[in-house]
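# Structural features, examined
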Amino acid sequence: MVSTVLVANRGEIACRILRACSESGLSSIAIYADNDADSLFVELATKSVILEGESIAETYLNQKQIIKIAKQYGADAIHPGFGFLSERADFAQAVIDSGLKWIGPSPRAIKMMGDKMTARTTMKAAGVPVIPGEEIEQEDEHEALLAIKNASHRVGFPLLLKASSGGGGKGMRVVNSPDELEDAVNSARREAIAAFGDGRVYVERLLDGAKHVEIQILADQQGRIIHLGERECSVQRRHQKVFEEAPCPTMTEELRERMGRAAILAAQAVDYEGAGTVEFLLASNGEFFFLEMNTRIQVEHPVTEMITGVDIVREQLRIASGEPMSCKDLIIRGHSIEVRLYAEDASNNFLPAIGPLTVFSPPVGPGVRLDTGVRQGDQVTPNYDPMLAKLVVWAPSRKEALQRMRRALDDFIVLGTTTNIRFLRELCDQEDVVNGSTYTTLIDRVWPDGWQPTIPDSLIEGALMVAGISESSGMHRNSNAVIQSEDGPVSPFTTISRRFP
Amino acid sequence: MMQHEFRLDGDTVEVTVARNGNDWHLSGNMASILPDGRIRLEMDNGRIYFAHSAKVGDTWWIHLAGHTFCIDCIEPGASEDANDGGLSAPMPGKVLQVLVKKGQSVEAGQALMILEAMKMEHRIVSSIEGIVSDIHFAEGDQVQQGVALLDIS
């Protein structure tokens, strides 16, 4: 039985889990660092406890402190969300050892899937196809470089260097030719050491024109393992997904069946429990290869929820409680698309941006869902990941879902901080996106010299006029007063003066 | 008639709006401020838009028809800051590597420094050809957003 869940995370995913707890009738505990004291997720828990310390290592990654708070405030389970400690087998073990329920798979499963080399070997043994590539075992810098050079000749160019314990595109480099190899190895290792404390990399063939297709699975303690169909997340910038959809536009019933079976095989190979995702690369000839398994809830889980009607986070809570999962035979209905809104400058190599969310006004309407951890008046700081929100739409067909996404993006207003909204909006008009023939290198191919917005002249004229009127009418008096108190509490009425000339 | 000087994408633009009661005019376009603070625009081509605006620092952020604009106000008498070869940090972060030495000549597009910000590596690239006249930070230093990292002359 689980009655009180501590959510060891922050931001958008903490909000998602805390709301699911509330809907399930469970008590919840949020933990937060000092710089998150005013964040939305802190308001959504039954009880919120401040973490001591400044850095992420001292707060959200501080296993001892988190477990201590869980015991002290009477939690009986810990949900790790994604990122932070979600794929740390040692944390899962420490949670279990302290007598709490870990909402996720066993530490053994996390460990086997978390180390990409072990995962590859395990999958090969289980009969799941893997990408041609080689594991580099050498830890010494010079030996590793030599081993990578040798391996690169056998694997062939273009190739991909990946951090063994990596994720989220960190420590990952595309190498197109042998002369780029040494620089790429050094920089990938440096990034991997900084991010994961482990500089080991592996080398694999870069599959050109491939799709990124992943299968969502659920496994309960009664031994039932099901898959909830696929998500396609091919469109990525800097190896991070920005546009995700379900179902995959080119999927056939027969291929879904085969990929689903491979995903269940992968889950069985590690005695999986809870929600997980098995990622594949789907080549243009219909061959698919195991990429990795994410042993946690994923950022893009909502698109699967929209087309299956399954609340994956509630199922996680149910499974952790020892109950059988509630889903019966699944029917895939309609089409869902998610885009990730980042505070970043898409016209400048997707450089992260910071600033106030002076206006944050999301779209509404039928088939529109917003998962976010921020609200108007918040500050975007360099302390955490710059993802602001996930905008999700559902419609009966893919075409209508794309039309709905365009409308929703046009209606999404964020002022004060640069976002990728316009980039996402123009992405929806790209021929390959419209046709559903998306592939992992799409953004680089469509915009080889970087993206720049296309703005009609009449709108520029209109915007200048709006600036002129706003400045003339003194509409800025209130908004400016708020900006000056940057460190202080931010008034929710930051936007526009309520007084008029 | 109210005249303002703005900067949009590097260009300086002079905007003169005329007010007549609740209506504002600029050439053939008309606008009015709505009770909730939005601005209703009626363009001379007949299109109607509802715009949102908010000022942060000296910049007007404007949302209009799915586009977001950043329009800087130019204070009367303020000097233009031209590209003088100074390179500033795009984000708060840490200097990972300095790739050039003082006195070295560099080409436009050459990588000068590697910064780590938000757990990602960013290359600082020279926008002009010239000689590195000064380097303000060393490897391992923390830098704030906007500070000059190196000078190229």
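Fair warning: this is a prediction, and the values are worked out from it, not measured in the lab. (Residues numbered from 1 in each chain as written. Chains lettered and ligands numbered in written order. Predicted model: local features only at pLDDT ≥ 70, side-chain atom pairs only at ≥ 80, totals over all residues.)

### Describing the domain arrangement of chain B
- Split by domain assignment, chain B resolves into domain 1 (2–73) and domain 2 (86–152).
- A straight line from the C-alpha centre of domain 1 of chain B to that of domain 2 of chain B covers 37 Å. (Domains from an automatic or database assignment.)

### With respect to the confidence of the model for chain A
- When pLDDT is averaged across chain A, the result is 91; 94% of the residues are at 70 or more.
- Low pLDDT, under 50, characterises residues 478–501 of chain A; the predicted model gives this stretch 37 contacts beyond four residues in sequence or across chains. (pLDDT = per-residue confidence, 0-100. Contact = placed C-beta atoms within 7 Å.)

### Concerning the interface of chain A and chain B
- Listed as interface residues are 47 residues of chain A and, on the opposing side, 48 residues of chain B.
- Mapped by element, the contributors of at least two residues to the side of chain A that touches chain B are α8 (181–196), β17 (351–352), β18 (355–356), α12 (398–411), β23 (413–415), α13 (421–427), α16 (457–472) and α17 (477–484) of chain A.
- Broken down by class, the residue content of the side of chain A that touches chain B amounts to 25 nonpolar, 15 polar and seven charged. (Helix = DSSP H or I, 4+ residues; strand = E, 2+ residues; numbered from the N terminus. Nonpolar A, V, L, I, M, F, W, Y, C, P; charged D, E, K, R; others polar.)

### Describing the environment of T4(A)
Residues and elements named next belong to chain A.
- Tracing the sequence through the fold places T4 in strand β1 (residues 4–7).
- Along the sequence, T4 and P456 sit 452 residues apart, while their C-alpha atoms lie 54 Å from each other.
- For T4, the contacting residues outside a window of four places in its chain are L26, S27, S28, I29, G74, A75 and D76.

### Some points on the nonpolar core
- Membership of the largest hydrophobic core comes to 165 residues, with the highest contact counts inside it found for L6(A), L18(A), A30(A), F280(A), V466(A) and I62(B).
- At eight residues, the largest contribution of residues to this core is made by strand β22 (residues 387–395) of chain A.
- Membership of the second largest hydrophobic core comes to 15 residues, among which are L112(B), L115(B), V143(B) and I152(B). (Core = buried A, V, L, I, M, F, W, Y, C linked by C-beta atoms within 7 Å. Buried ≥ 20, exposed ≤ 12 C-beta atoms within 10 Å, placed from the backbone.)

### Re the sheet that holds strand β2 (residues 11–20) of chain B
All names here are of chain B.
- Around the barrel, which closes on itself, the eight strands sit in the order β1-β2-β3-β4-β5-β6-β7-β8 with antiparallel pairing between neighbours. Sheet twist, expressed as the mean angle between neighbouring strand axes with direction ignored, is 35°.
- Strand direction decides the pairing type here: strand β5 (residues 39–42) and strand β6 (residues 48–56), joined by four bridges, are antiparallel. Paired with R40 across the bridge in β6 is F50. (Pairing = 2+ DSSP bridges. Axes fitted to C-alpha atoms, helices over the stretch in contact; angles between N-to-C directions.)

### Here's the deal with the packing of helix α6 (residues 116–126) of chain A against helix α9 (residues 253–269) of chain A
Residue and element names in this part refer to chain A.
- Packing of α6 against α9 leaves a shortest axis separation of 10 Å and a crossing angle of 115°. Between α6 and α9, the interaxial angle falls into the category roughly perpendicular. For the element pair α6 and α9, the recorded crossing hand is right-handed. Across the interface between the two elements, T122, M123 and A126 from α6 touch L265, A266 and A269 from α9.
- For the contact of α6 with α9, the residue count by class is five nonpolar, one polar and no charged. (Parallel < 35°, antiparallel > 145°, perpendicular 65-115°, else oblique. Left-handed = near helix turned anticlockwise from the far one by under 90°.)

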